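As a plain string of letters, each chain reads:
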Amino acid sequence: MSIIEFSDWELDEFISSAISRLGWKNPTEIQTEAVPAGIRGFDIIGQARTGSGKTAAFGIPILETCSPSNGLQSLILCPTRELAIQVSEEIENLQGSKGIDICAIYGGTDIEKQAKQLQKGVDIIVGTPGRVIDMSKRGHIDLGMASIFCLDEADRMMDMGFLPDITWILGKMENRKQTLLFSATFPQEILDISEEFTNNPVFIMSNELEIEIPEIDQYAIRVGRINKMWALSRIITNMDSDDQILIFVNTKRMVEMISQRLNREGFEVSSLHGDLTQNKREKIISNYKSGESKILVATDVAARGLDIDGVTTVVNYDLPDDFENYVHRIGRTGRMGRHGVAWNFVSKNEKEKLNRIASTWNLKIPYTNPPEIKDGKRDKIRKRDDWEEESNSFGMVRIEIAITSSEISKYNLFEWILRECKIPDIAIGDIIIGKNSSFIEIHIKKAGFVLDILKNRKLKGKKLKPMVIS
Ligand code: ADP
Ligand code: MG
């Protein structure tokens with residue numbers, strides 16, 4: 001495929017000069033396919049990886065079709081308020097001086113103020129479903145006028161949480177002529193529903209639904225709950241001064257807990273979740289977008305769509321419950337061809353979840369140790385013993401020692417441990433004497449104690465170099 005330039009398209013002159021002011025020269029792949037089809041009025045189901053310019057892929061055709069008329073022509077829906085704001089800003093930037101009225105309509109803000117804005121006339125609404133429904137029930141929005149319907153993060157918008165709202169809105173859009181659905185992920189069941197909402201859609205898919213992950217190095221770290229904070233503090237301590245990190249957890253309570261703990265340790269952290277006032281949410285996002293704040297702890301409210309240049313690192317402190325969101329969370333970094341790193345903290349109980357995420361998306365997520373602390377810096381949080389995490393289902397911790405079958409028998413090793421450690425014999429589990437090293441099992445209650453002794457005693461004149469195997 002030859003490389004296309006925006007100037008090849010004969011776009012509206014306001015739009016094309018806005019695009020060159022943004023410094024964009026070539027459309028991305030999804031834009032190359034979606035913009036011409038969208039301008040010609042086709043319905044589109046468009047899938048492309050995170051950070052590949054999907055907003056403009058639907059935004060440009062919508063702007064081309066709409067005109068400054070003070071009558072609602074297009075409705076774009078997003079799953080979060082922050083995303084509605086971002087999308088409306090991006091579309092505003094793309095229209096240049098075309099004069100179209102674009103309005104962001106989302107919850108948590110003054111209804112009267114929004115109503116006044118709508119009364120002045122609006123051509124394009126970018127909103128969240130709840131508030132859009134509310135405003136149309138109050139008579140401030142006439143959905144019957146709009147002809148273009150667009151869902152950003154379409155799979156999220158059509159899942160059980162939003163589907164009733166979407167169905168209600170579609171019911172009111174009697175004049176709907178074009179439907180545009182975009183996301184980085186389209187699970188099969190959502191694709192099935194999509195086809196009901198669209199009419200002969202053009203499918204734009206990266207490689208037969210094979211998910212494409214941008215340039216993001218993904219790693220897993222085996223770490224239990226009590227040491228996740230230690231691993232996190234290492235990653236944060238190693239950050240360069242202009243790096244930004246986004247840390248995902250699964251609940252609002254965890255957001256509060258993690259950010260308070262990090263604050264106590266002297267890290268400057270902001271936090272984002274759905275229970276904050278809208279004002280606060282917007283302030284936090286704008287400080288983070290501007291690079292003023294560097295560390296953000298968030299729930300999945302930040303998983304989708306947010307486009308923040310400086311995010312170099314994403315941490316899944318907890319693995320997401322929703323597997324689609326894995327792709328979206330890590331996709332907050334590595335945008336527009338930039339490089340990013342994603343760390344996944346995996347406790348004993350989360351191992352299976354990580355396997356399932358990796359196999360769902362056909363990903364390799366290698367296990368590695370937490371990064372070593374960089375020269376001149378030191379750990380702010382100490383690693384703690386976590387025998388619970390290291391133990392098997394019988395409560396036994398496996399320790400490898402550097403003694404071999406040519407040096408000792410199983411019985412003699414057992415006797416030696418009993419004698420040196422003075423522990424009851426039931427605290428000792430299986431012993432395997434190997435050719436290169438041996439393994440002993442010690443009950444969690446005694447594991448730390450035995451490990452210390454093993455570190456400091458010699459057996460047959462040899463150091464044992466004990467290592468916990470998890
Ligand atoms: P997606 O929705 O696919 O995750 P976005 O629409 O948020 O991606 O776009 C990611 C970033 O790339 C944004 O900052 C956007 O302004 C920028 N961008 C989009 N299209 C282009 C382009 N053709 N050339 C350069 N930058 C672009
Ligand atoms: Mg997007």
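Residues numbered from 1 in each chain as written. Chains lettered and ligands numbered in written order. Predicted model: local features only at pLDDT ≥ 70, side-chain atom pairs only at ≥ 80, totals over all residues. Heavy atoms only, no water.

S.K.: Please set out helix α3 (residues 54-65) residue by residue, giving values where relevant.
M.R.: Over its 12 residues, α3 extends 17 Å from the first C-alpha to the last, a length consistent with the 16 Å expected when each residue adds 1.5 Å. The element α3 is extensively covered by neighbouring structure, given that 10 of its 12 residues are classed as buried. (Helix = DSSP H or I, 4+ residues; strand = E, 2+ residues; numbered from the N terminus. Expected span 1.5 Å × (residues − 1). Buried < 20%, exposed > 50% of the residue type's maximum accessible area, 1.4 Å probe, protein only.)

S.K.: Outline the sheet that holds strand β15 (residues 428-433), listing residues and values.
M.R.: Strand order in the open sheet formed by four strands is β15-β16-β14-β19, with antiparallel pairing between adjacent strands. Two strands bound the open sheet, and with one partner strand each, they are β15 and β19 (467-469). Across the sheet, the mean angle separating the axes of adjacent strands is 25° when strand polarity is ignored. With three bridges connecting them, strand β14 (residues 396-401) and β19 associate as antiparallel partners. Looking at β19, one finds that R398 is bridged to I469. Helix-sheet contacts for helix α16 (residues 410-421) involve β14, β15 and β16 (438-443), and the interaxial angle to β15 is about 140°. Contacts between helix α17 (residues 444-456) and the sheet are confined to β14, β16 and β19, with β16 contributing the most and set at about 135° to the helix. (Pairing = 2+ DSSP bridges. Axes fitted to C-alpha atoms, helices over the stretch in contact; angles between N-to-C directions. Contact = heavy atoms within 4.5 Å.)

S.K.: Outline unusual backbone geometry, listing residues and values.
M.R.: Positive phi values are uncommon outside glycine, yet E153 reaches one of about 55°. Its location among the elements puts E153 in the loop between β5 (148-152) and α7 (154-157). If you check the backbone angles, K460 has positive phi at about 55° while not being a glycine. On the basis of relative accessible area, K460 is assigned to the exposed category, the value being 57%.

S.K.: Describe in detail the domain arrangement of the protein, supporting the description with residues and values.
M.R.: When its domains are assigned, the protein resolves into domain 1 (6-205), domain 2 (217-361) and domain 3 (387-469). Put simply, the middle of domain 1 and the middle of domain 3, counted by C-alpha atoms, are 63 Å apart. (Domains from an automatic or database assignment.)

S.K.: Outline the sheet that holds strand β8 (residues 216-222), supporting the account with residue identities and numerical values.
M.R.: Here six strands make up an open sheet; going across it, the order is β8-β13-β12-β9-β11-β10 and the pairing parallel. Only two strands of the sheet have a single partner each, and these edge strands are β8 and β10 (269-272). Across the sheet, the mean angle from the axis of one strand to that of its neighbour is 20°, orientation sign disregarded. Set on the sheet, helix α13 (residues 323-330) makes contact with β8, β9 (244-248), β12 (311-316) and β13 (340-346); between it and β12 the angle comes to about 155°.

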